[in-house]
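A closer look at the structure
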Amino acid sequence: MAVSRDQVLGALAGVRIGDELLAASGRLSEIAVDPSGRVSFAISAGPHEAAMLEPVRAAAEAAIKALPGAGPVFVMLTADRPVGAAPARPGPAAAARVAAAPPRAQAVPGVKRIVAVASGKGGVGKSTLSCNLALALRLQGLSVGLLDADIYGPSAPKLFGLTGKPRLIGERMLEPLDGFGVKVMSIGFLVDENSAMIWRGPMVTSAIQQLLREVAWGELDVLIVDMPPGTGDAQLTMAQSAPLTGAVVVSTPQDLALIDARRGVAMFQKVEIPILGIVENMATFVCPHCGTESHIFGHGGARREAEKLGVPFLGEIPLQMEIRETSDAGRPVVVTEPGTAHARAFMDVAQRLWTGLQADAGRRAAPRIVIE
Ligand code: ADP
């Protein structure tokens with residue numbers, strides 16, 4: 001039988017941070033126990049407390065694992081504010097954090113390139129693009145992974161039609177699930193939908209770190225990271241703490257969405273992560289009945305924005321009923337309708353992204369000539 005929350009709290013009674021009880025420190029998230037017995041929760045940590053709190057995290061995990069009947073235990077440090085604190089806003093605080101930025105994050109062994117797919121706000125098709133982009137790169141013969149870091153609303157399980165739970169390899173490593181040949185990991189595989197609600201607000205960054213580093217990705221040419229939407233502190237910390245090769249920003253064509261996309265570009269530029277390009281989603285609507293094209297949200301705004309900002313434009317994805325339907329059904333267009341114009345649109349974006357990645361690597365490898 002699965003352990004209860006009270007048993008978990010009982011097991012934590014012996015875990016301390018210095019003189020203070022962990023359970024009384026205000027750092028503990030809600031404790032989720034899913035029907036299979038998996039226990040997951042987070043301990044919030046300030047930006048510089050991770051090393052100090054790692055032994056506490058390990059002690060908490062060990063104490064719960066020692067309970068009779070305990071299933072897998074997933075305890076994370078989250079570099080976010082404690083439960084109940086005021087929500088963070090981007091602005092001076094975020095800027096100050098940039099100024100105090102730690103050196104570039106450590107690489108993930110075996111993973112050659114990590115590409116963040118980001119958006120200035122939710123609902124613009126970031127997850128849909130991440131999924132189809134990963135699959136399009138896979139169809140080009142690359143080994144590809146997808147990390148669903150959209151911890152507020154994980155959608156990779158639905159988009160890839162995956163319902164299983166990742167297997168635990170050894171003590172801590174999780175095996176990603178296979179989605180049409182792409183290695184997929186999502187917090188949605190680990191906690192059920194209701195528990196996932198707990199992750200809103202106070203958690204985030206180090207949960208993502210753990211998904212990045214405690215998953216057996218193996219050898220990957222590219223790992224696509226579906227970022228949490230927006231440009232707040234959580235996204236900024238994430239951009240700094242993951243060893244990103246570069247970022248793709250997705251936007252719809254409306255002015256308002258483009259203002260948010262511009263913020264997204266600025267956020268990555270501040271932390272010196274190359275912008276690999278902007279993608280315009282929901283660009284042209286082709287009527288399924290008469291074939292007439294209309295531009296419901298306007299057209300070409302993202303291309304002009306990319307030109308203005310001096311970053312590559314990777315292409316347009318049409319607003320298409322089949323994209324929505326196949327996404328909802330876990331049958332992504334790139335693999336289930338590969339010959340269609342909308343699948344080709346994703347393939348073209350993937351092709352330009354890959355070309356850009358190689359050019360970028362070439363530029364980095366080139367010797368720098370310094371004239372004094
Ligand atoms: P985000 O990750 O930015 O929140 P999603 O990828 O979840 O956005 O997309 C939001 C909704 O829009 C989903 O229902 C998705 O199926 C739909 N959608 C995304 N892109 C398109 C498109 N090009 N055509 C039609 N529907 C789309």
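Residues numbered from 1 in each chain as written. Predicted model: local features only at pLDDT ≥ 70, side-chain atom pairs only at ≥ 80, totals over all residues. Heavy atoms only, no water.

1. Here's the deal with helix α2 (residues 50-65)
What counts, and what does not: Helix and strand definitions follow DSSP, with helices as H or I runs of at least four residues and strands as E runs of at least two, each counted in order from the N terminus. Expected span of a helix, by definition, is 1.5 Å for each gap between consecutive residues, and there is one gap fewer than residues. Using a 1.4 Å probe on the protein chains alone, a residue whose accessible area is under 20% of its type maximum counts as buried, one over 50% counts as exposed, and one in between counts as partly exposed. Comment: arc refers to directions from the helix axis out to C-beta atoms.
The end-to-end C-alpha separation of α2 is 22 Å, in line with the 22 Å expected for 16 residues at 1.5 Å each. When α2 is considered as a whole, its buried residues turn out to be Leu53, Val56, Arg57, Ala60, Glu61 and Ile64. For α2, the angular spread of buried residues about the axis comes to 140°, placing them on one side. Away from its buried face, by an angle of more than 90 degrees, α2 presents the exposed residues Ala51 and Pro55.

2. Some points on the sheet that holds strand β3 (residues 32-33)
Note the following rule: When DSSP finds at least two bridges between two strands, those strands are taken to pair. Any two residues whose heavy atoms approach within 4.5 Å are treated as being in contact. Note on geometry: axes are C-alpha line fits, over the in-contact stretch for helices, and angles between N-to-C directions span 0 to 180 degrees.
Taking strand neighbours across the sheet as the criterion, the three strands line up as β3-β4-β5 in an open arrangement whose pairing is mixed. On the outer flanks of this sheet lie β3 and β5 (73-78), each paired with one strand and no other. Inspection of the sheet shows strand β4 (residues 39-44) paired to β5 by six bridges, in the parallel sense. Its bridge partner being in β5, phenylalanine 41 is matched across the sheet by valine 75. Strand contacts of α2: β4 and β5, with the helix running at about 160° to β5, the strand carrying the most contacts.

3. A few points about unusual backbone geometry
Of note, phenylalanine 180 is a non-glycine position whose phi angle comes to about 55°, a positive value. Mapped onto the fold, phenylalanine 180 is located in the loop between β10 (177-179) and β11 (182-186). Under the relative-accessibility criterion, phenylalanine 180 is labelled partly exposed at 38%. Backbone geometry at methionine 282 places phi at a positive 60°, although glycine is not the residue there.

4. Focus: the site of the ligand
Short version of the rule: Neighbouring residues are identified by heavy atoms, a residue being near a molecule or strand if any of them is within 4 Å of it. Polar contact is defined as a pair of N or O atoms within 3.5 Å, subject to the rule that within protein one atom must be able to donate a hydrogen and the other to accept it, and that residues adjacent in sequence are counted only when both atoms are side-chain atoms. Note that accessible areas follow from Shrake-Rupley with a 1.4 Å probe, and for residues the cover is restricted to the protein chains shown. Asp, Glu, Lys and Arg are counted as charged, while Ala, Val, Leu, Ile, Met, Phe, Trp, Tyr, Cys and Pro are counted as nonpolar; the rest, among them Gly, fall into the polar class.
Taken together, 16 residues surround the ligand, and among them Gly123, Lys126, Ser127, Thr128 and Pro318 come closest. A distance of 2.9 Å separates a nitrogen atom of the ligand from a polar atom in the side chain of asparagine 281. Between the ligand and glutamine 320, the relevant distance is 3.0 Å, taken from a nitrogen atom to a main-chain nitrogen or oxygen of the residue. Its free accessible area being 560 Å², the ligand has 80% of it covered by the protein chains. Counting only elements with at least two residues in the shell around the ligand, the list comes to α4 (126-139), β14 (275-286), β16 (313-319) and α11 (321-328). For the shell around the ligand, a count of residues per class yields six nonpolar, eight polar and two charged.

5. Points about the pairing of strand β6 (residues 114-118)
Summarising burial for β6: five of the five residues are buried, a large majority. Neither face of β6 is left uncovered, since the one carrying Ile114, Ala116 and Ala118 and the one carrying Val115 and Val117 both have all their residues buried. With four bridges connecting them, β6 and strand β13 (residues 246-251) associate as parallel partners. Following the sheet pairing, alanine 118 is matched in β13 by valine 249.

6. Things to note about the confidence of the model for the chain
Low-pLDDT stretches of the model should not have their predicted coordinates read in fine detail. What counts is decided by this rule: As a per-residue measure, pLDDT tells how confident the predictor is, with possible values from 0 to 100.
In this model, the chain carries a mean pLDDT of 83, and residues with pLDDT of at least 70 account for 85%. For residues 81-103, every residue scores under 50 in pLDDT, and the model assigns this stretch 29 contacts once sequence neighbours within four places are set aside.

7. Section: the pattern of salt bridges
Basically, it comes down to this: Here a salt bridge means any side-chain nitrogen of Lys or Arg lying within 4 Å of a carboxyl oxygen belonging to Asp or Glu.
For the structure on display, the rule yields 12 salt bridges. One salt bridge in this structure joins aspartate 226 and lysine 126, with 2.7 Å as the shortest N-O distance. A residue pair is termed long-range when its members are at least 10 positions apart, and aspartate 226 in strand β12 (residues 222-226) and lysine 126 in helix α4 qualify at 100 residues. Here aspartate 226 matches lysine 126 in class, with each residue buried. The closest approach of N and O atoms between lysine 158 and aspartate 328, which form a salt bridge, is 3.3 Å. In this pair, lysine 158 is assigned in helix α5 (residues 156-160) and aspartate 328 in helix α11, connecting sequence segments 170 residues apart.

8. Observations regarding the packing of helix α9 (residues 255-270) against helix α10 (residues 301-309)
Selection criterion: For any helix crossing, the convention is left-handed if the near helix is rotated counterclockwise from the far helix by under a right angle, and right-handed if that rotation is clockwise.
Across the interface, α9 lies against α10 with an axial gap of 11 Å and an inter-helix angle of 35°. Where α9 crosses over α10, the handedness of that crossing is right-handed. Residues Leu258, Arg262 and Val265 of α9 form the contact with α10, whose own contacting residues are Gly301, Ala302, Glu305, Lys308 and Leu309. Broken down by class, the residue content of the contact of α9 with α10 amounts to four nonpolar, one polar and three charged.

9. Comments concerning the environment of leucine 139
Here leucine 139 lies in helix α4. Judged by its relative accessible area of 46%, leucine 139 is partly exposed. Sequence separation between leucine 139 and proline 338 is 199 residues; the distance between their C-alpha atoms is 9.9 Å. Setting aside its immediate chain neighbours within four residues, leucine 139 contacts Val334 and Met347.

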